[in-house]
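Inside the fold
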Amino acid sequence: MPFPKPRHTRQKVLAIKSRQTLRRPIQPMKFVLSLTLCLFALSGCSTFTAKNKLATRLNPIEIDLKATSIQEALVAEFSLARGDKKQAVNQYLNLAISEQNSTLAEKATLIALSLNDPTLIIHATDVWLSIDNSAANVYSIRFRTFTIQGNKDLAAKAIIQAYNASVPLDFLSKTINSFSTTPKHLKTVNDAINSLPQDILSDTETRSALIHSAYFQGNNKEAKNSALALLNDSKKNKHLLPSDIYFILGLTQKQDGQIEEAITTLEQGLAYYPDEFTLISSLIEFEMDNENFEAAKEHYTNARLSTLYKAQLSIHYVSLLIQNDLSSIALKVLDPINYEATGFTDRFYFLEANALASLGDKTEAIEKLKQVDGPLFSNAMEQIIVWLYDLNRESEVNALIASQFEQRQNANNILNVMQFHESQQHVKLAIELANMILLKQPDAADVRYKKALLEDTLGNWQQTEVDLRLLISKDPENANYLNALGYTLLIRTQHYDEAIDLISAAYELDPENPAVIDSLGWAYYLKGNLTKAELLLNEAWTLLPDAEIAAHYGETLWQQEKYDEAIIVWQHAIDSSPSHPALVETLNRLNPSMLE
């Protein structure tokens, strides 16, 4: 097998990525409901409440040195500064006990959390509780720690202690959210909560937590029924429910095909939480799914959100419009938005470009994507290339990419474009791009290597040899380069001795590389040592059942009259790569009936 892929190079083929690209989160949310709750394309995964913080997250602690022993506090700070965190924890805790200072105990707990040391965390929170049993965070931390340890009894005890101290139990749902993709932790939480006394089980926050747990464990029917029961009880008792419950109930209703009921649920939630982003964004999506486009527009127009969340809602709404073939309306929604003022400039340009493209104006869409200059730059360039090909303007690709290379200096992007040219049967364009880049950066080794491989496919093996010898002169112990040159000489020239020397050197450097093993096996085949060739080619085939290796291995078996074995190898290759040139050429010579 002559040419392995370049090392450290992504070999992905460009494709239209508008939706995939635009599903990336706009900004980190405080906690994620789960991957199954990713509700919309551009603004990332929905969360129950964007304003919430993880229950275990602590703010930086400021210590009043006037109120404590300055010397002991400085010793603890010194331990922390030099990286001895465990000692710092113990020093802060000793000081917290002597001074009865909960701030110091909280500081020690924060450090223990950074060490991820459960024993130390529990010790620190024990001290913290002994000083101040009203601190909500301490119960949250203990509950989380015991859950991770799988200790349902101590987790339940932490809940009971919090309840008896009149600490709100909302940390339960928040902790469950953080365990959404960890079934064993969810089970521990569920077991702990279900073991609680009835008065705590009847608490709204406890019931809410069980609803979260049921949903994340895939028990949608249980989650829906429990949420409905809690909603009915809240109406009777006039208790305000967390916004999460409306969200989960709406989702489970929609999943059961009850789209109208789901919309009603979200509207009820918005009556209590009019600025809750998750509810309004979900409601708009549900209305769109139900083809209530005017209602969705009204919800979007009437949304009263901060500038940041209004921008995210705009991205979400426009994405849904495009997905529903309402791109002309999407453009009208985008028209008054000042992209630069939102902080999401690139995403808005991407949306506008996709709306234009869906309306058939890919020329203008390309111009919009040229405005993208942030993290989405590579995605924009890839989409532009696809659209240029769609417009039969592929000849413009290289100049665009080369002009950007001077600023970006990203060889991986160049290799991706070369790969795309090749996939579109435009190998000459791929080589042209490589030459343009090598003029700017002659030391772009991966680009030169890829160019060398492509030159050979066009029959320009002499140029392949030139490029490979140049690469080897700069990197003489690169097994890929040595193997590629050796194989080129082996099949293109009569320089068998040099070819075998090069391939053998590659084998010494990388004896488990199937491409190198294949080349060495083929060399032995050409020299007539069929036994040695078969041994090596069998090893290569076992490591990598590639079509070209199959061609070589099968021919070696065939020449030894092992016809059945050869046919099995070739058939396997035909099933996966029926048009591979080396395989087709071999079968045409030896067993053409397999191609019929």
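Residues numbered from 1 in each chain as written. Predicted model: local features only at pLDDT ≥ 70, side-chain atom pairs only at ≥ 80, totals over all residues. Heavy atoms only, no water.

Glancing now at the overall build of the protein. Across its full length, the protein holds 34 helices and zero strands. By the burial criterion, 52% of the 596 residues in the protein qualify as buried. Within the protein, residue pairs in contact and separated by at least 24 positions form 57% of the contacts whose partners lie at least 6 positions apart. (Helix = DSSP H or I, 4+ residues; strand = E, 2+ residues; numbered from the N terminus. Buried < 20%, exposed > 50% of the residue type's maximum accessible area, 1.4 Å probe, protein only. Contact = heavy atoms within 4.5 Å.)

This brings us to unusual backbone geometry. Even without glycine at this site, Asn116 takes up a positive phi of about 55 degrees. When you line up the elements, Asn116 lands in the loop between α4 (102-115) and α5 (118-131). A positive phi angle, close to 60 degrees, is found at Glu291, a residue other than glycine.

Turning next to the nonpolar core. With 138 residues, the main nonpolar core has Ile193, Ile284 and Met418 as its most contacted residues. What Met418 contacts, discounting residues up to four positions off in sequence, is Ala430, Leu433, Ala434, Val447, Lys450, Lys451 and Leu454. Of all hydrophobic cores here, the second largest spans 46 residues; its members include Ala452, Leu485, Ile500 and Ile549. (Core = buried A, V, L, I, M, F, W, Y, C linked by side-chain atoms within 4.5 Å.)

Our focus in this paragraph is the packing of helix α11 (residues 204-216) against helix α12 (residues 220-237). Axes are the key here: two packed helices are described by the angle between their axes and the distance separating the axes. It is at 8 Å that the axes of α11 and α12 come closest, and there the two elements cross at 160 degrees. Between α11 and α12, the angle is such that the two are roughly antiparallel. In this structure, α11 crosses over α12, and the sense of that crossing is left-handed. Across the interface between the two elements, Thr204, Arg207, Ser208, Ile211, Ala214 and Tyr215 from α11 touch Asn220, Glu222, Ala223, Ser226, Ala227, Ala229, Leu230 and Asp233 from α12. (Axes fitted to C-alpha atoms, helices over the stretch in contact; angles between N-to-C directions. Parallel < 35°, antiparallel > 145°, perpendicular 65-115°, else oblique. Left-handed = near helix turned anticlockwise from the far one by under 90°.)

Quick look at helix α6 (residues 136-149) now. A rise of 1.5 Å per residue sets the reference length of α6, with its 14 residues, at 20 Å; its end C-alpha atoms lie 21 Å apart and thus fit the reference within 8%. Packing partners of the buried residues in α6 comprise α4, α5, α7 (152-164), α8 (171-178) and α9 (183-194). One or two steps after α6, the chain reaches Gly150, where phi turns positive at roughly 80 degrees. (Expected span 1.5 Å × (residues − 1).)

Direction vectors running N to C along helix α29 (residues 496-509) and helix α30 (residues 514-526) enclose 145 degrees, while the axes themselves pass 9 Å from each other. Crossing of α29 over α30 shows left-handed handedness. Together, Ile500, Ile503, Ser504, Ala506 and Tyr507 of α29 and Val516, Ile517, Ser519, Leu520 and Ala523 of α30 make up the contact between the two elements. Of the residues in the contact of α29 with α30, the class split is eight nonpolar, two polar and no charged. (Nonpolar A, V, L, I, M, F, W, Y, C, P; charged D, E, K, R; others polar.)

Structurally, Glu394 is set in the loop between α22 (377-390) and α23 (397-408). The buried charged residue Glu394 lacks any salt bridge partner; its closest oppositely charged side chain belongs to Arg393, at an N-O distance of 8.5 Å. The residues contacting Glu394, other than those within four sequence positions of it, are Leu388, Tyr389, His421, His426 and Leu429. (Lys, Arg positive; Asp, Glu negative; His and termini not counted. Salt bridge = Lys/Arg side-chain N within 4 Å of Asp/Glu carboxyl O.)

Let's shift gears to the environment of Leu113. With respect to the secondary-structure elements, Leu113 resides in helix α4. As for Leu113 and Ile141, which are separated by 28 residues in sequence, their C-alpha atoms are 8.8 Å apart.

Our next topic: the pattern of salt bridges. All chains considered together, the criterion is met by 24 salt bridges. In this structure, Lys152 and Asp153 form a salt bridge, with 3.2 Å as the shortest nitrogen-oxygen distance. You can call Lys152 partly exposed: its relative accessible area is 34%. Between Arg589 and Glu585 there is a salt bridge, with its nearest N and O atoms 2.6 Å apart. Of this pair, Arg589 and Glu585 both sit in helix α34 (residues 581-590), four residues apart, which is roughly one turn of that helix. Exposure remark for Arg589: the relative accessible area of 43% places this residue in the partly exposed category. Under the relative-accessibility criterion, Glu585 is labelled partly exposed at 40%. A network of salt bridges, in which partner residues are shared, links Arg448, Lys451, Glu455 and Asp467.

Below, the discussion takes up the packing of aromatic side chains. Overall, the coordinates contain twelve aromatic pairs when judged by the stated rule. Between Phe143 and Phe171, the aromatic rings sit 5.9 Å apart at their centres with planes inclined by 65 degrees, giving edge-to-face as the arrangement. Here Phe143, found in helix α6, pairs with Phe171, found in helix α8; they are 28 residues apart in sequence, far enough to count as distant. Taking the relative accessible area as the measure of exposure, Phe143 reaches 0% and is therefore buried. What links up through ring pairs into an aromatic cluster is the set Tyr339, Phe348 and Tyr349. Here Lys310 stacks its cationic end above the ring of Tyr300, 4.3 Å away from the centre of that ring. (Phe/Tyr/Trp six-rings, centres within 6.5 Å; stacked < 30°, edge-to-face > 60°. Lys NZ or Arg CZ within 6 Å of the ring centre and 35° of its normal.)

Moving on to the environment of Val167. Secondary-structure assignment places Val167 in the loop between α7 and α8. On a C-alpha basis, the gap between Val167 and Ala135 in space is 7.7 Å, while along the polypeptide they are 32 residues apart. Ignoring anything within four residues of it in the chain, the contact list for Val167 reads Asn133, Ser134, Ala136, Tyr139 and Ala162.

Here the focus is the confidence of the model for the protein. Looking at the protein as a whole, the pLDDT averages 87, with 88% of positions reaching at least 70. Below pLDDT 50 for its whole length, residues 1-59 participates in 197 contacts with residues either more than four positions away or in separate chains. (pLDDT = per-residue confidence, 0-100.)

Another point: helix α16 (residues 293-302). For an α-helix, the turn length of 3.6 residues means that residues three or four places apart are oriented alike. Those residues of α16 not exposed but buried are Ala296, His299 and Tyr300. Looking down the long axis of α16, one finds its buried residues gathered within 100 degrees of arc, a one-sided arrangement. Close packing links the buried residues of α16 with α14 (259-272), α15 (277-289), α17 (307-323) and α18 (327-334). (Arc of directions from axis to C-beta.)

Bringing the side chain of Lys450 into the picture now. Within the element layout of this structure, Lys450 appears in helix α26 (residues 445-457). Since its relative accessible area comes to 8%, Lys450 is described here as buried. In terms of polar contacts, Lys450 uses its side chain to reach the side chain of Glu422, at 2.9 Å. (Polar contact = N/O pair within 3.5 Å; in protein donor to acceptor, adjacent residues only side chain to side chain.)

Before going further, it helps to examine the environment of Glu565. Mapped onto the elements of the fold, Glu565 is located in helix α33 (residues 563-576). In the structure, Glu565 is positioned twelve residues away from Tyr553 in sequence and 9.7 Å away in space, judged by C-alpha atoms.

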